[in-house]
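# Architecture and fold: a report
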Amino acid sequence: REKDDKYKTWMPKFLTAKEDKDQRRNSNDVERKLFKVKRSNAEKSKKMEKEEKIFRETFMYDKDINVINTATAECSVPSKRSVDLPLTAGEQLDVIDVTEGSAVICRNSEGRYGYVLVEHLNFR
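Residues numbered from 1 in each chain as written. Predicted model: local features only at pLDDT ≥ 70, side-chain atom pairs only at ≥ 80, totals over all residues. Heavy atoms only, no water.

Per an unreviewed UniProt entry, the protein goes by FYN-binding protein 2 and derives from Jacana jacana. Its UniProt record, at the heading Function (unreviewed entry), says of the protein: "Adapter protein that plays a role in T-cell receptor (TCR)-mediated activation of signaling pathways. Required for T-cell activation and integrin-mediated T-cell adhesion in response to TCR stimulation." Per UniProt, the comment on the protein under Subcellular location (unreviewed entry) is "Membrane raft". (UniProt positions renumbered as here; feature names shortened; annotations may be inferred.)

Spelled out as structure tokens, the structure:
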């Protein structure tokens, strides 16, 4: 034993100050919350996997999905075809692949993929 322990007075736990108990509870709660996985993140990842599977089937895309660049949509554009990605002004998009012509394959924040014309994008 150390000398400090020798001179400490023993006090039962129920007599300790409430503040000390609250601090102990808070520190335990923080540690416990670190290891919990939020359900929304798990649901988002499942949705992203589903969207990726649909994208690969629709576009017959067998390459690895790598983000080449990020772009911002300049204006809102509704999709005319099922393979086009609908845009809203100011939306952030990940450019996945460049195609022949003036279209690129992009992914939005929801995980949906589609063709977007370069004219509607602002690269920074």
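Another aspect to go through is the side chain of Thr72. Its place among the elements puts Thr72 in strand S1 (residues 69-73). Look at Thr72 and you get buried, because its relative accessible area is 14%. Residues in contact with Thr72, not counting those within four places in the same chain, are Gly90, Glu91, Gln92, His120, Leu121 and Asn122. (Helix = DSSP H or I, 4+ residues; strand = E, 2+ residues; numbered from the N terminus. Buried < 20%, exposed > 50% of the residue type's maximum accessible area, 1.4 Å probe, protein only. Contact = heavy atoms within 4.5 Å.)

A separate point is the layout of surface pockets. Considering only enclosed or pocket space, the largest pocket measures out at about 200 Å³ in volume. Contributing to the lining of the largest pocket are 13 residues, with Val77, Asp84, Tyr115, Leu117 and His120 lying nearest its centre. With 3 residues, strand S4 (residues 113-117) is the single largest residue contributor to the lining of the largest pocket. Tallied by class, residues from the lining of the largest pocket come to 8 nonpolar, 2 polar and 3 charged. (1 Å grid on protein atoms, 1.4 Å probe; cavity = no way out; pocket = protein on both sides within 12 Å on 5 of 7 lines; lining within 4 Å. Points joined across faces, edges and corners; volume = space filled by probe spheres on them. Nonpolar A, V, L, I, M, F, W, Y, C, P; charged D, E, K, R; others polar.)

What follows concerns the pairing of strand S3 (residues 103-107). With 5 of 5 residues buried, S3 lies mostly within the body of the structure. Residues Ala103, Ile105 and Arg107 point to one face of S3 and Val104 and Cys106 to the other, with burial holding for every one of them. For strand S2 (residues 92-98) and S3, the ladder comprises 4 bridges, and the chain directions are antiparallel. Looking across to S3, one finds that Asp97 is bridged to Ile105. Across 5 bridges, S3 lies against S4 in antiparallel orientation. Counterpart to Ala103 in the pairing with S4 is Leu117. Where S3 folds back on S4, the antiparallel hairpin that results is connected by 5 residues, among which Gly111 adopts a positive phi of roughly 95 degrees. (Pairing = 2+ DSSP bridges.)

A word on the pattern of salt bridges. Oppositely charged side chains are able to pair whenever their charged atoms sit close together. For the structure shown, the criterion picks out 4 salt bridges. With a closest N to O distance of 3.0 Å, Asp84 and Arg81 form a salt bridge. According to the relative accessible area criterion, Arg81 is partly exposed, its value standing at 48%. Note that Arg107 is salt-bridged to Asp94, the shortest N-O span being 3.3 Å. Of the two residues, Arg107 is situated in strand S3 and Asp94 in strand S2; the sequence distance between them amounts to 13 residues. With a relative accessible area of 17%, Arg107 lands in the buried category. Overall, the relative accessible area of 22% leaves Asp94 in the partly exposed class. (Salt bridge = Lys/Arg side-chain N within 4 Å of Asp/Glu carboxyl O.)

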